[in-house]
Amino acid sequence: MLPRRITVLLLLLIWCYSPVFLPDDYSGLTGEKKEIAEMAIEGAKAEWEVVIWRYKVTEVVKNGTRWDVSLTGYGFFNIPLKKVEVTVAEGRVCGGSFRNYFPGADLIAWAMVAIWLLSIAALLFAPIYLLYRLRKEREKEVRK
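Quick look at the structure, then. (Residues numbered from 1 in each chain as written. Predicted model: local features only at pLDDT ≥ 70, side-chain atom pairs only at ≥ 80, totals over all residues. Heavy atoms only, no water.)

Once that is clear, we can look at the overall build of the protein. Summing up its helical and strand segments, the protein has four helices and four strands in all. Beginning at the N terminus, the succession of helices and strands in the protein can be written as α-α-α-β-β-β-β-α. The C-alpha atoms of the protein give a radius of gyration of 21 Å, which is well past the 15 Å a tight globule of 144 residues would have. Projected onto the principal axes, the alpha-carbon positions of the protein cover approximately 80 × 30 × 25 Å. When each of the 144 residues of the protein is scored for burial, the buried share is 28%. If you take every contact in the protein between residues at least 6 apart in sequence, the share linking residues at least 24 apart comes to 45%. Element-wise, carbon and sulfur atoms account for 62% of the exposed surface of the protein, whose accessible area totals about 10100 Å². (Helix = DSSP H or I, 4+ residues; strand = E, 2+ residues; numbered from the N terminus. Rg over C-alpha atoms; globule rule 2.2 N^0.38 Å. Buried < 20%, exposed > 50% of the residue type's maximum accessible area, 1.4 Å probe, protein only. Contact = heavy atoms within 4.5 Å. Areas by Shrake-Rupley, 256 points an atom, 1.4 Å probe, with all protein chains shown as cover.)

Okay, here's the thing in structure tokens:
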């Protein structure tokens, strides 16, 4: 059975990385609207790929020959960080804007990047630490 600390850490990591596992939310869009939303999400991902892990389409509106797509960008812990407005025209992304979902969202976004880097470091360090502990345990047994 896993110790309580490890179980809590694993649950925290699963919650932290949940947006990575959840697909982008197209809110039941079909046909041309879904294709436009996919283009808008790909365009938005090119800008904020490190911080935003999942997008939810909130609105797709045809405005003459262009499409205006509203998105919500989610970071770690599935926290909404950015309101994204993307314009798609002639089959390509023409422009967009990113606004904070709430005051201080940028600070939280960069804190999430730091958490991500620390978790990668922890994953790289864990096997080394486990090997070190195993070696110490064997040395104790040999001394007895």
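What follows covers the pairing of strand β2 (residues 66–74). Buried residues dominate β2, accounting for seven of its nine residues. Taken together, the nine bridges between strand β1 (residues 54–63) and β2 define a ladder with antiparallel strand orientation. Along β2, the bridge assignment pairs Asn 63 with Arg 66. Once β1 ends, the chain turns through two residues before running back antiparallel as β2, passing Gly 64 with a positive phi of about 75°. With nine bridges joining them, β2 and strand β3 (residues 80–89) adopt antiparallel strand pairing. Looking at β3, one finds that Thr 72 is bridged to Lys 83. If you look at the hairpin formed by β2 and β3, you'll find five residues sitting between the two strands, and Phe 77 has a positive phi there, around 60°. (Pairing = 2+ DSSP bridges.)

Our next topic: the sheet that holds β3. Strand order in this open sheet of four strands is β1-β2-β3-β4, and the pairing throughout is antiparallel. In this open sheet, the two edge strands, each paired with only one partner strand, are β1 and β4 (92–100). Averaged over all adjacent pairs, the angle separating strand axes in this sheet is 20°, with direction ignored. Sitting on the sheet, helix α4 (residues 105–143) touches β3 and β4, and the angle it makes with β3 is about 100°. (Axes fitted to C-alpha atoms, helices over the stretch in contact; angles between N-to-C directions.)

Honestly, that's just the spatial picture; any functional story needs more than this.
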